[in-house]
Amino acid sequence: MIMASISDSETTNRGSMWELDQNLDQPMDEEASQLKNMYREKKFSSMLLLRLAFQSLGVVFGDLGTSPLYVFYNIFPHGVDDDEDVIGALSLIIYTLTLIPLMKYVFVVLRANDNGQGGTFALYSLLCRHAKVSTIPNQHKTDEELTTYSRQTYEENSLAAKVKRWLEGHAYKKNCLLILVLIGTCTAIGDGILTPAISVLSASGGIRVQNQNMSTDVVVIVAVVILIGLFCMQHYGTDKVGWLFAPLVLLWFILIGSIGLVNIHKYNSSVLKAYNPVYIFRYFRRGKSEIWTSLGGVMLSITGTEALYADLCHFPVLAIQIAFTLVVFPCLLLAYTGQAAYIIDHKDHVADAFYRSIPGAIYWPAFIIATLAAVVASQATISATYSIIKQALALGCFPRVNVVHTSKKFLGQIYIPDINWVLMILCIAVTAGFKNQSQIGNAYGTAVVIVMLVTTFLMVPVMLLVWKSHWILVVIFLVLSLTVELPYFTACINKVDQGGWVPLVIAITFFIIMYVWHFCTVKRYEFEMHSKVSMAWILGLGPSLGLVRVPGIGFVYTELASGVPLIFSHFITNLPAIHSVVVFVCVKYLPVYTVPVEERFIMKRIGPKNYHMFRCVARYGYKDIHKKDEDFEKMLLDRLLIFVRLESMMDGYSDSEDFTMMEQKAERSTRALLTEKAGSNTMSSIGDMSYSSQDSIVPAKSPLTGNSLARYSSQTFSDEQEFLNRCKDAGVVHILGNTVVQARRDSGIIKKVAVNYVYAFLRKLCRENSVIFNVPHESLLNVGQIYYI
């Protein structure tokens, strides 16, 4: 490994060749503009919508549907004294379900999705596309040509334009927005830990109802065994058993709705007066000290609502709206109303009201269904946690971890082994440590309400920038949301010492990891930008670059989409030779959910042809993953050959009409070429390789016309293709930069700890880029440099 030491205080000098350098290596606007939009908005028939609505039950609503297992016990942990308290609490549950899941999320927030992707990072990606708020400025106009890069344009004096300029005005605003997103993300990860704990423990508690002498430890052991089995099965993915989820959850909703209806008729139908919101005011007017703290228990009735939004992928919004309004919402209302009717007649059974209200004839089948439903709910939040980590990783906010693709059908089904075992240990610790639903419920409610508040605040700029909503509608949304969520937040915060500290500790831990990693990632990118070498200087060295050009192809990896990274100049300064073909490869992630395969790679030639230097930009979205069966090196080589062929077909054309005709021929030829290569495991897609005409078009006065031009282009391509194949056979070397970040000696103690210890520890744990791209170890060369911040 070659090492160099550079400080961020050093700045590059803009010499007389700076303007020439700008013209030599510009972002690949023309190449990106050649990519065709082949996507159209999907239309769904009525029958398909109903089928998707049915399937969404098993993926989206499992967590929300299992809340009746533990809500009333967390509202009244010390028992019930008055019937009016039960009716008031039920009225709160009814209207909380109506205002938050139904009105806010199902009919408003779900519309703020990123091409079907939901969650905190989806909102952030929308904002990053509509305003320059990303803290890593690695986006160019070329990226806006992507079919998935949808964005709005604004009039100069519009409210949206003013909000956009305000957000882009100062760096601290971008950092505040990022911190808000990370808070929501970290507390959502806390949900992924607490949901399995409380759902499985509550469901396991049913075995004790029929045997009151059974110890609590037995229930905890059963819950822990189920949790271990659940996490050990994660590597199989949900694709193999996912077909069971939808009918199982539908059966669960029918079960709790039917039991609720029976209990209303059997015990106390007067509980229906809770549908009058007046009883909410009567509930608070009673002035008991327990009334306000009981809001934390009411909050648990809408747990899973944020998971509903995060698990949006694979289902259209309309399908989820149909499933919620026709099945989930009415069944939940019946379940809570029936439990309230039972509790009014059996006030001493509030601790296990759900299981005690089940008719004896169907008790054990209901217990089995409840346990399975709890497992499904846990699976949904665990999968959502994997997706959150993957999104954070793609946007430079989390160390690189191994992401396994578990399904050939669904892109979103992934498994992250390291995170899986961390979640399992934390879930078992929470379950065995608290041993009761009450304290876990306090922790759960705190995590849920924080995520909801973050979503509310992020929706404001989304409504202004993306939807261009009138400011009055934005104010109405904000006021209604905060009117409901702030009281719940204060009630949950008051229970910090009763278990509410758990999600805060988890969130703070993950926040430190994410923020430190992102901070050092940004600093490393800024270092690459400030220390990049002038392309004019490189080309001024001549075709040999002042070195011996040995046979072979060298892929130089860099985070820069333009310019030459410092590692390359350091490499050629210290070694006497460089490969005959040099390709600068930039792999970057964009704030889009996916980059279509046919638009993923764009390539450009740098300098004259006899230099044999190219630039390739590989673009990924936050949902895209690198599969083990993908040979990244082969993909790069194939696209290099296709690019050279397309470029040779463009030589000699300067007239716009001829250029367009030749472009169409080139496109048809590429289709034929890729189809021909399909039999040899080469990806058969047209747009994978676009081309540059800027460096390869011969002036209009060229004597090459007609057949002579075709022969010239064919000969040029054959010669360069033969040259590239010889270099390929000679060997391929991947040159990776390994920038070590350290704090300067005069830095503060916090920065030293964060950079020298936390970040250094995370770098040791994370995967190397060479592993992610499946680079053979024998063809890998690391070029290191130390950067002091």
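Since this is a predicted model, take the numbers as computed values, not measurements.

Each value, and the rule that gives it
Residues numbered from 1 in each chain as written. Predicted model: local features only at pLDDT ≥ 70, side-chain atom pairs only at ≥ 80, totals over all residues. Heavy atoms only, no water. Core = buried A, V, L, I, M, F, W, Y, C linked by side-chain atoms within 4.5 Å. Buried < 20%, exposed > 50% of the residue type's maximum accessible area, 1.4 Å probe, protein only. Helix = DSSP H or I, 4+ residues; strand = E, 2+ residues; numbered from the N terminus. Contact = heavy atoms within 4.5 Å. Salt bridge = Lys/Arg side-chain N within 4 Å of Asp/Glu carboxyl O. Patch = residues over 30% accessible without salt bridge, like charges linked within 9 Å, V, L, I, M, F, W, Y side chains within 5 Å. Areas by Shrake-Rupley, 256 points an atom, 1.4 Å probe, with all protein chains shown as cover. Lys, Arg positive; Asp, Glu negative; His and termini not counted. Pairing = 2+ DSSP bridges. Expected span 1.5 Å × (residues − 1). Arc of directions from axis to C-beta. Disulfide = S-S within 2.5 Å. Phe/Tyr/Trp six-rings, centres within 6.5 Å; stacked < 30°, edge-to-face > 60°. Lys NZ or Arg CZ within 6 Å of the ring centre and 35° of its normal.

*Asks:* Just to check I follow, could you spell out the nonpolar core for this structure?
*Replies:* Side chains of a nonpolar character, in soluble globular proteins, are inclined to be buried together. Residues Phe61 and Tyr355 are the most contacted members of the largest nonpolar core, which totals 169 residues. Here this core gets 17 residues from one element, more than from any other, and that element is helix α21 (residues 437-465). If we ignore the near neighbours within four places in the chain, the residues touching Tyr355 are Leu69, Ser202, Ala203, Gly205, Gly206, Val209, Tyr363, Phe367 and Ala370. With 34 residues, the next largest nonpolar core counts Val564, Leu566, Phe584 and Ala743 among its residues.

*Asks:* Quick question: what am I supposed to make of helix α25 (residues 566-574) here?
*Replies:* Counting along an α-helix, one turn takes 3.6 residues, and residues three or four places apart therefore face a common direction. Counted residue by residue, α25 has seven buried out of nine residues, so it is predominantly covered. Listed as buried for α25 are Leu566, Ile567, Phe568, Ser569, His570, Phe571 and Ile572.

*Asks:* Just to check I follow, could you spell out unusual backbone geometry for this structure?
*Replies:* Trans is the prevailing form of peptide bonds, just as negative phi is the prevailing case for residues other than glycine. The phi dihedral of Lys468 falls on the positive side, at around 55°, and the residue is not glycine. The backbone of His612 sits at a positive phi, close to 55°, despite the residue not being glycine. Among the secondary structure elements, His612 is positioned in the loop between β6 (601-606) and β7 (613-620). The exposure class assigned to His612 is buried, which follows from its relative accessible area of 16%.

*Asks:* Looking at this structure, how should I read the pattern of salt bridges?
*Replies:* A pair can form between side chains of opposite charge whenever their charged atoms are brought close. This structure, assessed with the given rule, holds 13 salt bridges. Salt-bridge contacts for Lys523 lead to Glu526; the nearest nitrogen and oxygen are separated by 3.9 Å. Remark: Glu526 and Lys523 occur in helix α23 (residues 501-530); sequence separation between them is three residues, near one turn of the helix. Using a relative accessible area of 30% as the deciding quantity, one classes Glu526 as partly exposed. One salt bridge in this structure joins Asp638 and Lys634, with 3.1 Å as the shortest N-O distance. Here Asp638 and its partner Lys634 are both found in helix α26 (residues 632-650), four residues apart, which amounts to about one turn of the helix.

*Asks:* In this structure, what is going on with a nonpolar patch on the surface? I would like to understand it.
*Replies:* Where nonpolar side chains cluster on the molecular surface, the patch consists of Leu159, Trp471, Ile472, Leu473, Val475, Ile476, Val479 and Leu480 and spans about 750 Å² of accessible area. For the nonpolar patch, the element with the highest residue contribution is helix α22 (residues 471-493), accounting for seven residues. Among the structural elements, Val479 can be located in helix α22.

*Asks:* Sorry if this is basic, but what is going on with the side chain of Asp63 here?
*Replies:* Inspection of the secondary structure assignment puts Asp63 in helix α4 (residues 62-65). The side chain of Asp63 is buried and forms no salt bridge, while Lys104, the nearest opposite charge, is found at 15 Å. Ignoring anything within four residues of it in the chain, the contact list for Asp63 reads Tyr70, Thr195, Ser199, Thr303, Gly304, Ala377, Thr381 and Tyr444.

*Asks:* Can you walk me through the environment of Ile256 in this structure?
*Replies:* Mapped onto the fold, Ile256 is located in helix α12 (residues 245-266). Taking the C-alpha atoms as reference, Ile256 lies 9.7 Å from Leu333; in sequence the two are 77 residues apart. For Ile256, the residues in contact, after removing those within four places along its chain, are Gly65, Pro68, Cys331, Leu332, Ala335 and Phe354.

*Asks:* Got a minute to help me understand the pairing of strand β4 (residues 548-558) in this structure?
*Replies:* Along any regular strand the residues' side chains alternate between the sheet's two faces. Within β4, eight of the 11 residues are buried, which leaves the element mostly enclosed by the surrounding structure. Across nine bridges, β4 lies against strand β5 (residues 577-589) in parallel orientation. Across the sheet, residue Gly554 finds its bridge partner in β5, namely Val582. Here four bridges tie β4 to strand β8 (residues 732-742), and the two strands are oriented parallel to one another. Bridging across to β8, Phe555 finds its partner in His734.

*Asks:* Is there a simple way to explain helix α11 (residues 216-232) in this structure?
*Replies:* With 17 residues, α11 should cover 24 Å at 1.5 Å per step; its first-to-last C-alpha distance of 25 Å lies within 8% of that length. What α11 keeps buried is the set Val219, Val220, Ala223, Val224, Leu227, Leu230 and Phe231. Viewed end-on, α11 has its buried residues packed into an arc of 135°, placing them on one side of the element. Residues Ile221 and Val225 are exposed on α11 and point more than 90 degrees away from its buried face.

*Asks:* Any chance you could explain the state of the cysteines here in plain terms?
*Replies:* Simply put, the disulfide is a covalent bond whose two ends are the sulfur atoms of two cysteines. If you walk through the whole model with that rule in mind, you get zero disulfides. This cysteine, Cys186, is not joined by any disulfide, and Cys397 carries the nearest cysteine sulfur, 9.4 Å off. You can call Cys186 buried: its relative accessible area is 1%.

*Asks:* Any chance you could explain the packing of aromatic side chains here in plain terms?
*Replies:* Aromatic ring pairs: the centre-centre distance and the angle between the two ring planes describe each pair. Counted according to the given criterion, the structure contains 19 aromatic pairs. Ring geometry for Tyr267 against Tyr342: centres 5.1 Å apart, planes inclined by 85°, an arrangement best described as edge-to-face. With Tyr267 in the loop between α12 and α13 (278-285) and Tyr342 in helix α17 (residues 317-345), this pair connects stretches of sequence that are 75 residues apart. Tyr342 sits in the buried class, given a relative accessible area of 3%. Of the aromatic side chains, those joined through ring pairs into one cluster are Trp252, Phe354, Tyr355, Tyr363, Trp364 and Phe367. Note that Arg282 overlies the ring of Tyr279, its terminal NZ or CZ placed 4.8 Å from the centroid.

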